[in-house]
Amino acid sequence: MNPTIKDVAVTANVSVATVSRVLNDLPGYSEETRQKVLQAITKLGYEPNALARGLVSKRSHTIGILMPSLSSMVASEILKGIEDTAHRSNQSVIVCNTDNDGKRTLEYLQVLQEKQVDGIIVVSANIIPEYYQKMMAMRKPVILVATKYPQSNLPFIKVDDEKAAYDATSYLIQKGHRIIGMLSGTRTDQIASTPRVKGYERALSDHGIPIRENYITYGDFSFKSGMICLERLLEATPEITAIFAASDEMAVGVLSQAFKMGIAVPRQLSVIGYDNTQIAEMTTPPLTALSQPFYEMGQSGIAMLLEQIEQGKKMESLIMPHRIAERDTVREIL
């Protein structure tokens, strides 16, 4: 039978309340008493129950993570940053895969409420009013990572997607390209797709290049949609010399489809992706990409959440830096 807190109290010759104060690092006892309790814990092999400690401290030391796809490289990098920082801060995490359409989000929010999590991090997910209302009803701090909810003041951590897309497109222009196609994500996605299209269009406009509607095709950020969109784009505009893809997965789909079509990258077609996940280094040729600091975004997300939990102060949103990771899929036109 596992030892209980009462067994520790008897062995240390103190009250159960004193053991509880020691376990939760609360005042009200001497250093000698603390050592007696710790020695009793070691002797008995007592393992404190996290839920029981939470009843005293009003903290579960558990963070809920909501993300739509655990298999994506974007999500895995962000999650790694969260988990590494959580571990160093003696926090546990409950990771909930809400699926790409978010249909399990409300169910998981109920689970997190029942688990009495101290706060919630929402990663790269589309938030609708129903989800927002449920989170507000839980009265727990919420931080958004790689997403935002403009209809609220929830703090978020992400790159400036419009500026990043502007810089990615400008990079192609600086390499001499003037006929540049774009593979965008979902047309209705106001958080990622819309600002990236705006950045692409603004870069063309600022460099005196006409914006043509048929140079943009929409997919869903996936590998397969990259393949489909390339074929569709080249059918409509065979004259393009470069493509800006709104995700690495779409860009890799472009490379795959280009190979099947006998199109040499970058000699005949230059390609730049968006994210700079590990897959960008694994392609042939290695993919040039707009780089987002996903691991650091995860670190910052949980650091901000813990600060809000522990200090109760309102957190400000954070725009993270981006850069171009140059590899071998873009050639310069002289």
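As shown above, the structure is provided for reference.
Residues numbered from 1 in each chain as written. Predicted model: local features only at pLDDT ≥ 70, side-chain atom pairs only at ≥ 80, totals over all residues. Heavy atoms only, no water.

> So what's going on with the overall build of the chain? Residues and values would help.
Secondary structure assignment for the chain yields 13 helices and 12 strands. The C-alpha atoms of the chain give 25 Å as radius of gyration, which overshoots the globular expectation for 334 residues (20 Å, by more than 25%). Taken along the three principal axes of its C-alpha coordinates, the chain extends 85 × 35 × 30 Å. Every one of the 334 residues in the chain was classed for burial, and the buried ones make up 49%. Residue pairs in contact within the chain that sit at least 24 positions apart in sequence constitute 71% of those at least 6 positions apart. Counting every atom, the chain has about 16600 Å² of accessible surface; 50% of that belongs to carbon and sulfur. Averaged over its 35 positive side-chain charges, the chain has a centre that lies 4 Å from the centre of its 37 negative ones. (Helix = DSSP H or I, 4+ residues; strand = E, 2+ residues; numbered from the N terminus. Rg over C-alpha atoms; globule rule 2.2 N^0.38 Å. Buried < 20%, exposed > 50% of the residue type's maximum accessible area, 1.4 Å probe, protein only. Contact = heavy atoms within 4.5 Å. Areas by Shrake-Rupley, 256 points an atom, 1.4 Å probe, with all protein chains shown as cover. Lys, Arg positive; Asp, Glu negative; His and termini not counted. Charge placed at Lys NZ, Arg CZ, Asp CG, Glu CD.)

> So what about helix α1 (residues 5-12)? Which residues, and what values?
Looking only at α1, the buried set comprises V8, A9 and A12. End-on view of α1: buried residues confined to an arc of 100 degrees, all on one side of the axis. Across α1 from its buried face, at more than 90 degrees, point the exposed residues K6 and V10. Buried-residue contacts for α1 involve α2 (16-23) and α3 (31-44). N13 sits one or two positions beyond α1 and adopts a positive phi of about 60 degrees. (Arc of directions from axis to C-beta.)

> Break down the packing of α1 against α2 for me, citing the residues and quoting the values.
At their nearest, the axes of α1 and α2 sit 8 Å apart, and the two run at 105 degrees to each other. Our classification of the angle between α1 and α2 gives roughly perpendicular. Facing I5, K6, V8 and A9 of α1, the residues of α2 in contact are V16, V19, S20 and L23. The class makeup of the residues in the contact of α1 with α2 is six nonpolar, one polar and one charged. (Axes fitted to C-alpha atoms, helices over the stretch in contact; angles between N-to-C directions. Parallel < 35°, antiparallel > 145°, perpendicular 65-115°, else oblique. Nonpolar A, V, L, I, M, F, W, Y, C, P; charged D, E, K, R; others polar.)

> Explain the pattern of salt bridges to me, using residue names and the numbers behind them.
One pass over the full model with this rule turns up eight salt bridges. In this structure, the salt-bridge partner of D161 is K158, at a minimum N-O distance of 2.3 Å. Where D167 meets K163, a salt bridge forms, and the shortest distance between an N and an O atom there is 2.9 Å. One end of the pair, D167, and the other, K163, are both in helix α8 (residues 161-174), four residues apart, so they sit about a helical turn from each other. (Salt bridge = Lys/Arg side-chain N within 4 Å of Asp/Glu carboxyl O.)

> Break down the sheet that holds strand β4 (residues 142-145) for me, with residues and values.
One open sheet accounts for six strands, arranged β2-β1-β3-β4-β5-β11; its pairing is parallel. A single partner strand is all that each edge strand has here, and the edge strands are β2 (92-97) and β11 (318-320). Direction aside, the axes of adjacent strands within the sheet are offset by 20 degrees on average. Bridge count between strand β1 (residues 62-67) and strand β3 (residues 119-123): four bridges; the pairing is parallel. For I65, the partnering residue across the bridge sits in β3 and is I121. Running over the sheet, helix α5 (residues 73-88) touches β1, β2, β3 and β4 and is turned about 160 degrees from β2. (Pairing = 2+ DSSP bridges.)

> Outline the packing of helix α10 (residues 223-236) against helix α11 (residues 248-260), listing residues and values.
For any two helices packed against each other, one specifies the crossing angle of their axes together with the interaxial distance. Orientation of α10 relative to α11, taken along the N-to-C sense of each, is 50 degrees, at an axis distance of 7 Å. Relative to α11, α10 is oriented oblique. Crossing of α10 against α11: the hand is right-handed. Across the interface between the two elements, F223, S225, G226, M227, C229, L230 and E231 from α10 touch E249, M250, V252, G253, V254, S256, Q257, A258 and K260 from α11. (Left-handed = near helix turned anticlockwise from the far one by under 90°.)

> Could you give an account of the sheet that holds strand β7 (residues 216-218), with specific residues and numbers?
The strand order β7-β6-β8-β9-β10-β12 describes an open sheet built from six strands, whose pairing is mixed. Bordering the open sheet on either side are β7 and β12 (323-325), each of which pairs with just one other strand. Taking the axes of each pair of neighbouring strands and ignoring which way they run, one obtains an average angle of 20 degrees across the sheet. Across four bridges, strand β6 (residues 180-184) lies against strand β8 (residues 242-245) in parallel orientation. Across the sheet, M182 pairs through a bridge with F244, a residue of β8. Of the strands in this sheet, β6, β8, β9 (270-275) and β10 (288-291) are in contact with α11, which crosses β9 at around 155 degrees.

> Please give an account of the nonpolar core that cites residues and values.
In this structure, I121 and F244 are the most contacted members of the largest nonpolar core, which totals 68 residues. In terms of nonpolar packing, the next biggest core, distinct from the first, is built from 18 residues, M135, V142, Y149 and L154 among them. (Core = buried A, V, L, I, M, F, W, Y, C linked by side-chain atoms within 4.5 Å.)

> Help me get a handle on the packing of aromatic side chains, residues and values and all.
Enumeration according to the criterion identifies two aromatic pairs in this entry. Seen from their ring centres, Y132 and Y149 are 5.2 Å apart, and the 40 degrees between their planes marks the pair as tilted. On the criterion of sequence distance, the pair formed by Y132 in helix α7 (residues 129-138) and Y149 in the loop between β4 and β5 (156-159) is long-range, its members being 17 residues apart. Owing to a relative accessible area of 6%, Y149 belongs among the buried residues under this scheme. The interplanar angle of 50 degrees and the centroid separation of 6.1 Å between the aromatic rings of F244 and Y274 together place this pair among those described as tilted. You can see F244 sitting in strand β8 and its partner Y274 sitting in strand β9, a full 30 residues away along the chain. Assigned by exposure class, F244 and Y274 land together as buried. (Phe/Tyr/Trp six-rings, centres within 6.5 Å; stacked < 30°, edge-to-face > 60°.)

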